[in-house]
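Architecture at a glance
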Amino acid sequence: MKRLLATLALLAGLPIAQAAGFDYQLAPRQIAPATWVLEGAREDFSFANGGRIVNTAFVVTDAGVVVIDSGPSRQYGEQTVAAIGRITDKPVIKVWITHHHPDHFLGNQAFARKTLGALARTITDIESDGKGFNENMYRLVGDAMRDTEVVVPTEALTPGTVDIGGHRFELLALDGHTAGDLAVLDHTTGVLFAGDLVFHERTPTTPHATIARWLKSLDMLEALPFKHIVPGHGPAAADAAPIRQTRDYLKWLDGLLTQSAAAGLDMTEVMRLPLPKIFRQLAVIDAEFPRSVSHLYPAAEEAALNDSSPRRKP
Amino acid sequence: MTALPRAAAFCLALWAAQALADADPLDSARWGDMRSQLFAADATVVFDPRVQVTGPLTAEDPKNVPIAVDATALPGVTEVLVFADFNPITKVLAFRPAAARAELAFRIKLQQSSPVRAAARTADGVWHVGGTWVITTGGGCTVPSTGSASPEWQRRLNEVSGRIWSRPDGNRVRLRIIHPMDTGLAASIPAFYIEQLAITDGQQRVLMEIDAFEPVSENPLFTLDLPSTVTDLASVQITGRDNNGNLVNAWVER
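To keep things clear, this report deals only with the structure shown in the data block. (Residues numbered from 1 in each chain as written. Chains lettered and ligands numbered in written order. Predicted model: local features only at pLDDT ≥ 70, side-chain atom pairs only at ≥ 80, totals over all residues. Heavy atoms only, no water.)

1. Some remarks on the pairing of strand S11 (residues 191-199) of chain A
Residue and element names in this part refer to chain A. Formally: Accessibility here uses a 1.4 Å probe with only protein chains present; expressed as a share of the type maximum, an area under 20% marks a residue as buried, one over 50% as exposed, and anything in between as partly exposed. Think of it this way: any DSSP run of H or I at least four residues long counts as a helix, any run of E at least two long counts as a strand, and we number them from the N terminus. When DSSP locates at least two bridges between a pair of strands, those strands are taken to pair.
With 9 of 9 residues buried, S11 is to be regarded as a mostly interior element. When strand S10 (residues 181-186) meets S11, the two strands line up antiparallel, connected through 3 bridges. Within S11, the residue paired with Leu-185 across the bridge is Leu-192. Counted along the chain from S10 to the antiparallel partner S11, the turn is 4 residues long, and its residue Gly-190 has a positive phi close to 80 degrees.

2. A short note on the side chain of Ser294(A)
Defined as follows: Contact between two residues is taken to exist if any of their heavy atoms lie within 4.5 Å; hydrogens are not considered.
Structurally, the position occupied by Ser294(A) is in helix H9 (residues 285-304). When sequence neighbours within four positions are dropped, the list of residues in contact with Ser294(A) reads Met267(A), Met271(A), Glu60(B) and Asp61(B).

3. Digging into the sheet that holds strand S1 (residues 29-32) of chain A
Residue and element names in this part refer to chain A. Selection criterion: Axes here mean lines fitted to C-alpha atoms, for a helix over just the part in contact, with angles spanning 0 to 180 degrees between N-to-C directions.
Taking strand neighbours across the sheet as the criterion, the 7 strands line up as S1-S2-S3-S4-S5-S6-S7 in an open arrangement whose pairing is mixed. Each edge of the open sheet carries a strand with a single partner, namely S1 and strand S7 (155-157). Within this sheet the neighbouring strands show an average axis-to-axis angle of 30 degrees, counted without direction. Pairing of strand S4 (residues 64-68) with strand S5 (residues 92-96), which is carried by 4 bridges, proceeds in the parallel orientation. Paired with Val-65 across the bridge in S5 is Val-92. Packed on one face of the sheet, helix H4 (residues 120-141) meets strand S6 (116-119) and S7 and runs near 105 degrees to S6.

4. Quick look at the packing of aromatic side chains
Residue and element names in this part refer to chain A. The condition is simple: Note on ring pairs: Phe, Tyr and Trp rings are taken, using the six-membered ring of Trp, and paired if centres are within 6.5 Å. Classes follow the plane angle, with under 30 degrees stacked, over 60 edge-to-face and the rest tilted.
With the rule as written, the count across this model stands at 13 aromatic pairs over all chains. Consider the rings of Tyr-249 and Phe-279, whose centres lie 5.4 Å apart with planes at 85 degrees: the pair is edge-to-face. Taken together, the residues span a long stretch of sequence, with Tyr-249 in helix H6 (residues 241-262) and Phe-279 in helix H8 (residues 277-280) at a distance of 30 residues. Both residues of the pair, Tyr-249 and Phe-279, belong to the buried class.

Okay, structure coming up:
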C-alpha cells in the first residue's frame, strides 16, 4: 500500500511527503567558483511546491559559508543546512536576508541567530509583518510550513564592502521592490545576488513596490561589474538580460496604469486588458498582473482625478 | 407506455425544469437566506445572466475588491441591489440609475470568499439576479480603516475628487470621496460610513442615486456611465451624507 501511494505520488509529480516532513529535494547547482544556487519553481505558492518558488544561494569561503536568503520555511532552512553539509564541512557564518518577504526569511530557524543579518528597514518590517506573513504561508502551502516561526535577524547590515574568507562582498542598500532591498556583489567571483530587485522569466511581484525607486535600483545594479547574476526568482544568467527584462516589465506596467487612469478606466477593466506578447511569456503573469493592478492602480487613479470645488465654476 | 407513467413523467419533467430554473448558478449555501432576507416573500426573483458582476477571481486585497455591475442588457432597470452572501454585513450598496446607465463600479470589503451578486429590478417588479464568486483570504470587514487612526484624514472628511470623460457612447464619471467607511466590526471603532449619495447634472437632474452600506471600501471610488442622451455635462454635483449626518456636497468639473 505504501509503495502504491509512493508510486501515485511519483506519477502526480509530487514530492513524497511522509511523517518525516516535506522533502524539497534541494540540489545545489554550482554557477561560479565557490558559489551554489538553489533555484525555485517559477510558480505561485502551492501545497505541491511547499513555497519553494524562490532562489537561495550560498558561497563557501575559507572562513565559512555565507548564505543568501533562508527560504520559505523551517524545513527548507534545515534542508539547506544539510545540502551545504554535503558540499563542505565549514560552518555557516553569515545568513544575509535580502528583504522581508516570507519566501526569503522563514527558513531562519535553521541557522544560529547571531549569523542572521539584514538591512535595518528589513528587520523592522519582519518585526511588524512577519507573523502575518507566516500565518498566510500556512494557508498557501500547508504542511511544508510545519513548526515554522519568525526569527528576526540580529545584525543590521550597513552598505559597503566586507571581506570574508578570501571573498570581498559589497553590500548594497537599495529599495523599490520593498522599502529595504539588499543586493550583494561578490567581487571575488563576479556573482551578483540581486534579491527580488530582479526577476527572470517570472513576472515581478509588487505588493510593497515603488516602481520609480525600483527602476533607480535596477540602473545601479546594471552598472555593477558582475559576471553572473542570481535573480530572486527565475534562472541565473551571465549577462544583464534579467535586469533589462525586469525593467521593461515595470516600465510597461507603470505606463499602462498611468495611461489607463488618465483614460478613466475602472480597476476591473484594467485587470482585463490584453497583455503584450513579450510579457505573456513570463511565468504566472495571469495571476501576477491583476495583483499588481490591485497594488498600484489606486495611486494612479488618485493622480488622475481632479479636486472638486464646493460650488459650480461659472 | 400507459397513461399513468406518461403523466408522472410529465410531472417529473415539470418539476425538474422548475428546480433547474431555481437552482443557484453559484451553488451557495447562503442563497436561501439571501432570498428570504433581502426580497419580499411574494417578489419574483430569477437568476438572469443579463446581470453581469465582474470581479477578480482571487482578491489580492480583501479591503479593496474591485467589482463592476452591469445590468444594461436588461431594459427598464429601476434599482440594483448588490450583496455578498458570506459577508457579516451582506448588503453592499443599492443604486437607482435614473438617467445613468444601469451599471456601476466600486470596491468592497470581503470578510471571506463569497458570491458577490447584483439583483436588478425591472419596471415590472421582477428582480433579476447575477453574480460571481470572489476568492479571498479574508478579514476585510473586521480591520480598522487607515483613516480611523489619522488626524490628517479627519480634516479631509467627505472631500471629493473626480473627473468626467467623453467616450464614444456617452460620458463617464469617476468620483472618489474621502471617508473611512468603518464597518463597526473592528474593536472599539463604531460604524461610520456614507449612507446616501446623489449625482446630478448642471440642471439639477438626478443621474444616479446610491445607498451605500458598511462593506463599501474606505475612500469610495465610483465609476458610472451616462448615455449620450445626457448632455450639459461640463460638471456634475455630488451630494449626500454619512450615518453621522456629515454632508457631502461638491462639484466635479470635466
